[in-house]
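As a plain string of letters, each chain reads:
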Amino acid sequence: MTATAPRSTPGTAPDRAARTPGRDVVDSPRNPWWLVAAGPAAVVVAILAVLAAGAFSGAFEALTGFADPGAISRWGLPVSTVLTELAISLTIGSLVLAACVLPAGVPLRRALGVAGAASATWAVLTVVQTVLRYSVLSSMPVSSIGFGDQIAAFVTQISLGRSLLGVVIIAALTSACALAVRTPTGALWTALLAISALAFQANTGHTAGAASHELAISSMFLHLGGAALWIGGLGVLAIVRLRGGLDRTSFASSVSRYSSIAGWSFVAVAVSGVANAWIRVGGLDGLSTDYGVLVLAKVGLMVVLGALGFAHRELVVRRLQGVGPAAARGGTRAGASDEARPARRTKGTADGVAAADEDSPAAASARATTASGGTTTAGGSAVGQKKGTASARTAVAPAAEKAATWLFWRLVAVELLVMGAVSGVAVALGSTAPPIPDEPIALPTPAELVTGHPLPPEPDLGRWFTEWRWDLLPAFACVAALVVYLRWVRRLARRGDKWPVGRTISWCIGIVILFWVTNGGPAMYGHVLFSAHMVQHMVLAMVVPIFLVLAAPVTLLVRAVPVRKDGSRGPREWVLALVTSKWGQFFANPVVAAVNFAGSMIVFYYTPAFELALTTYVGHLAMLLHFTLAGYLFANALIGIDPGPHRPGWPQRLLLLFATMAFHAFFGVALTTGTALLVPEWFGLLGHDWGITAIADQQRGGGVAWGIGELPTLSLAIIVAIMWSRSDDREARRRDRRVDQVGDVEMDEYNEMLAKMAERDAKD
């Protein structure tokens, strides 16, 4: 039996797309009803879950002894909250996918459109949430007389109201920006704008009065961010695919990239959830309370989500990645019809998954060929058994891809429903009273009044390494940086490339020190002693950067991460774009880096920036980031291996180093001899009964800046000298090789010049 390939009718969609140059061609898959209904069903499940969990814990019942704000406010608030969080997830997920996952063209535009609509919904729902929240807090029904005037005062005079108003403004701006931008760069800036709203969001709820305030805020921020990327990323990927915004090749690559994001998001949500529960449950006895039962329910749902994510990775992503090469090899061996050839020539991520629809004429013809025993081609010509077998191999790839795709969407549908349930339980959990109440300390000490923490014991050498104050965001960043670096090194080793062991050791040492200085003794005592704070500063700016720079992370990134060819931007593209940008080149310039390194100390300590870093968590994080980055840029200008700015000669580098360190020593001397206490309302009111006075401790901190800073300076000078010597040796070897190949041209020209001069002298 002879199989024939039907011709496409002129004027059909494929024909028009083929005749329209420059047009984005995507396939519009036939969407099963259960997949289309999965998104709305997830929203319904979230609402039902929050109502059921609230009914179980009694969190939404009227409080005894207080006026009832009404059932609409009490039950409408959790519903509006869960809808708001889903809108936040869609917003951040779509923007991050547009910036880092989806290819340019139709997928990027579809994701930005979803972000614009989701963020507008976010703004409207936050307004509703604000109204209902004030109604519940004030025990006033929304219809009460004077409610409008009071809520106006709430959003302008009360910190919680101002935070919610800030969220509304940011959400509205995010919507406008998402609809206006059309590039990954614009999507990234818009994503950063949306993520900034999470800082306001994390400062509400149980975190406001927690005893471990910084840990509560950091864990909540990490929890919200991880959940938004996880839930929103999956939802947006489904929406873009359902609307025909992803062809099969782009779909496979996008799923693979999202899988990595989802894995890190799961870890972030799990770690931050454990931290939140540890703060509020207090122990195993707390798990028997209503709050504890909801925690266990959320943990169970998280385990289910983790299993679904593992199934995605093992059963779907690997299959989609493996189909492409097989399809490409089969197409090369077997030949193709006119309709199938363009699909096999299409190159995309995930190693070229076939772009042709499994229901296209070419695919149907291939299936008919396989069924007939492999003796005919799509054009109807008789061929040998060998060519028919190759055609059978070609038909296997679309079939395997179709099976993997359908499995993926079934898992997505279930996962979205479970995510909706998790969101609902989480909102009810946030409205339920925890076993450890969020109440102010009854009889606070002076240190607790000023810092919010009890005064630590008197420091000694051992306590610098045994006392810990956990800061979840820096800790998570350190662990992630260590894991990613080691995975890249392993990737190089698996393909036979070598990476210097010394660089790996240098990175590990730098990250371990960074982890300790942001969570250990320097973090604990740096909050109450100026001298300890200066130790933290010196280590961040002068010790950690040396190890990180010598590890050459940008060079490793360029070697380990492949180039993307579909217009999307991954870690490689973003880092190289930053390094080669005008702003990146400006701040990495050796002179600018030195001025920033030395001058920022004056700006920081003699302006309100120091007080802001002590009194606010955002200011504290900004301080950590600035000192580490300023030190990295300065060290990279002197001893850097990575691609970067034009570095001066070795003598100029030593001169720049000593000039900067002279200014650094001047700063230390100024602190040592100074008699005015910096931030006296902080360091002067802690009331510790051990150690020296605050001004004496500040003068000791000046000695730390002057004395301890000399050791990293000496290390930098030695490293520069060693690299200078090695550079001269390499140059000498290059010159020797050139002399061996073509002779000593420079010496010959010099001797010829001397001979001519001698000849002229002889004539004279």
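For the structure, see preceding data.
Below: a short report on this structure. Note that this is a predicted model, so its numbers are computed, not measured. (Residues numbered from 1 in each chain as written. Predicted model: local features only at pLDDT ≥ 70, side-chain atom pairs only at ≥ 80, totals over all residues. Heavy atoms only, no water.)

## Quick word on the overall build of the chain
In plain terms, the rule: Numbering of helices and strands runs from the N terminus, with a helix taken as a DSSP run of H or I at least four residues long and a strand as a DSSP run of E at least two residues long. To sort residues, take the accessible area from a 1.4 Å probe on protein chains only and compare it with the maximum for the residue type: under 20% means buried, over 50% means exposed, and anything in between is partly exposed. The contact definition used throughout considers only heavy atoms, calling two residues in contact when any of these lie within 4.5 Å. All accessibility values rest on the Shrake-Rupley procedure with a 1.4 Å probe; residue burial counts only the protein chains present in the view.
Helix and strand counts for the chain stand at 32 helices and 0 strands. By the burial criterion, 47% of the 764 residues in the chain qualify as buried. Counting contacts in the chain only where the partners sit at least 6 residues apart, residues at least 24 apart contribute 78% of the total. When the accessible surface of the chain is totalled, it reaches about 36,200 Å², and 66% of it is carbon and sulfur.

## A short note on a nonpolar patch on the surface
Condition: Nonpolar side chains (Val, Leu, Ile, Met, Phe, Trp, Tyr) within 5 Å and like charges within 9 Å form the patches, drawn only from residues with over 30% relative accessible area and no salt bridge. Between Lys or Arg on one side and Asp or Glu on the other, a salt bridge is scored when a side-chain nitrogen of the former is within 4 Å of a carboxyl oxygen of the latter.
Among the surface-exposed residues, Leu165, Ile169 and Leu173 lie close enough to one another that they form a single nonpolar patch of about 250 Å² accessible area. Within the element layout of this structure, Ile169 appears in helix H7 (residues 159-180). Overall, the relative accessible area of 46% leaves Ile169 in the partly exposed class.

## Remarks on the packing of aromatic side chains
Inclusion rule: Planes of paired rings set the category: under 30 degrees apart is stacked, over 60 is edge-to-face and the rest tilted, where pairs are Phe, Tyr or Trp rings (Trp by its six-membered ring) whose centres lie within 6.5 Å. Working rule: Lys NZ or Arg CZ, within 6 Å of ring centre, within 35 degrees of ring normal, means a charge sits over the ring.
Across all of its chains, the model carries 25 aromatic pairs by this definition. Ring plane angle 10° and centroid distance 4.8 Å describe the contact between Tyr485 and Trp507, whose orientation is recorded as stacked. Placement of Tyr485 in helix H18 (residues 472-494) and of Trp507 in helix H19 (residues 501-519) is noted, with a sequence separation of 22 residues between them. For the pair shown, Tyr485 and Trp507 are each scored as buried. Arranged with centres 5.2 Å apart and planes meeting at 80°, the rings of Phe586 and Phe587 form a pair that is edge-to-face. By the ring-pair criterion, three or more aromatic residues cluster together here, those being Phe530, Phe604, Tyr605, Phe610, Phe627, Phe667 and Phe683. Lying over the aromatic face of Trp499, Arg503 brings its terminal NZ or CZ to 4.9 Å of the ring centre. One Lys or Arg, Arg569, reaches over the ring of Trp574 and ends 4.8 Å from the middle of that ring.

## A closer look at helix H22 (residues 553-560)
Two residues of an α-helix separated by three or four positions point the same way, owing to the 3.6 residues in each turn. Taken across its 8 residues, H22 has 6 buried, putting it largely inside the fold. Taken together, the buried positions of H22 are Pro553, Val554, Thr555, Leu556, Leu557 and Ala560. Summarising the contacts, the buried residues of H22 are in contact with H18, H19, helix H21 (530-550), helix H23 (571-580) and helix H27 (617-639).

## Quick notes on unusual backbone geometry
Positive phi outside glycine occurs at Ser139, with the angle close to 60°. Here Ser139 shows up in the loop between helix H5 (106-138) and helix H6 (147-157). Under the relative-accessibility criterion, Ser139 is labelled buried at 17%.

## Considering the environment of Ile88
As for its placement among the helices and strands, Ile88 is situated in helix H4 (residues 71-100). Once residues lying within four places of it in the same chain are set aside, the contact partners of Ile88 are Trp122, Leu198, Gln201 and Ala228.

## Let's talk about the pattern of salt bridges
With the rule as written, the count across this model stands at 3 salt bridges. Across the pair Arg257 and Asp566 runs a salt bridge whose closest N-O atoms are separated by 3.1 Å. Placement of the pair is Arg257 in helix H10 (residues 248-281) and Asp566 in the loop between H22 and H23, with a sequence separation of 309 residues. Here Arg257 and Asp566 have matching classes, each one buried.

## Structural notes on helix H9 (residues 213-242)
Defined as follows: One less than the residue count of a helix, multiplied by 1.5 Å, gives the span that helix is expected to have.
Between its first and last C-alpha, H9 extends 43 Å over 30 residues, near the 44 Å set by a 1.5 Å rise per residue. For H9, the tally of buried residues reaches 23 of 30 residues, placing the bulk of the element in the interior. A positive phi of about 75° marks Gly244, the residue just after H9.

## Concerning a positive patch on the surface
Definition in use: Counted as positive: Lys and Arg. Counted as negative: Asp and Glu. His and the chain ends are not counted at all. Note that the charge is assigned to NZ on lysines, CZ on arginines, CG on aspartates and CD on glutamates.
Together, Arg487, Arg490, Arg491 and Arg494 line one region of the surface with positive charge. Turning to its location among the elements, Arg494 is positioned in helix H18.

## What about the environment of Arg559?
Position of Arg559 relative to the elements: it lies in helix H22. Accessibility expressed as a relative area gives 32% for Arg559, which makes it partly exposed. With 68 residues separating them along the chain, Arg559 and Arg491 place their C-alpha atoms 9.6 Å apart. Residues within four places of Arg559 in sequence aside, it is in contact with Leu492, Arg495, Asp497, Lys498 and Trp499.

## With respect to the side chain of Asn636
As for its position among the elements, Asn636 is in helix H27. Here Asn636 falls in the buried class, since its relative accessible area comes to 7%. If we skip the residues at most four places from it in the chain, Asn636 touches Val549, Ile641, Asp642, Pro645 and Arg647.

## Digging into the nonpolar core
Threshold: Residues enter a nonpolar core if they are buried and are Ala, Val, Leu, Ile, Met, Phe, Trp, Tyr or Cys, with the set joined through side-chain atoms within 4.5 Å.
Among the nonpolar cores identified, the biggest contains 74 residues, and Leu102, Trp122, Trp230, Leu237, Leu305 and Phe408 are the most heavily contacted of them. If you tally residues by element for this core, the top one is H9, at 14 residues. One finds Trp464, Val549, Leu656 and Phe667 within the second-largest nonpolar core, a separate group that totals 71 residues.

## Points about the packing of H21 against helix H25 (residues 590-605)
Filter applied, for reference: Angles run from 0 to 180 degrees between N-to-C directions of axes, and those axes are lines fitted to C-alpha atoms, restricted for helices to the stretch in contact. Each angle receives one of four descriptions, namely roughly parallel if under 35 degrees, roughly antiparallel if over 145, roughly perpendicular if within 65 to 115, and oblique otherwise. Two helices cross in a left-handed way if the nearer one is turned anticlockwise from the farther one by less than a right angle. They cross in a right-handed way if the turn is clockwise.
The contact between H21 and H25 brings their axes to 13 Å, and the two run at 150°. Between H21 and H25, the interaxial angle falls into the category roughly antiparallel. Two packed elements cross with a definite hand, and for H21 against H25 that hand is right-handed. Contacts between H21 and H25 involve Phe530, His533, Met534, His537, Ala541 and Met542 from the first element and Phe597, Met601, Phe604 and Tyr605 from the second.

## Some words on the side chain of Ser218
Stated precisely, the cut-off is as follows: We call two N or O atoms a polar contact when they sit within 3.5 Å, provided that within protein one can donate a hydrogen and the other can accept it, with sequence-adjacent residues counted only if both atoms are side-chain atoms.
When you line up the elements, Ser218 lands in helix H9. You can call Ser218 buried: its relative accessible area is 0%. Here the side chain of Ser218 touches Leu215 through a polar contact of 3.1 Å, landing on its backbone oxygen. When near neighbours in sequence (up to four residues on either side) are disregarded, Ser218 contacts Asp471, Leu472, Leu473 and Tyr617.

## Structural notes on the environment of Ser144
Within the secondary structure layout, Ser144 lies in the loop between H5 and H6. On the basis of relative accessible area, Ser144 is assigned to the partly exposed category, the value being 22%. Ser144 sits 75 residues away from Pro69 along the chain, and the two C-alpha atoms are 9.3 Å apart. A polar atom in the side chain of Ser144 sits 2.9 Å from the backbone oxygen of Pro141.

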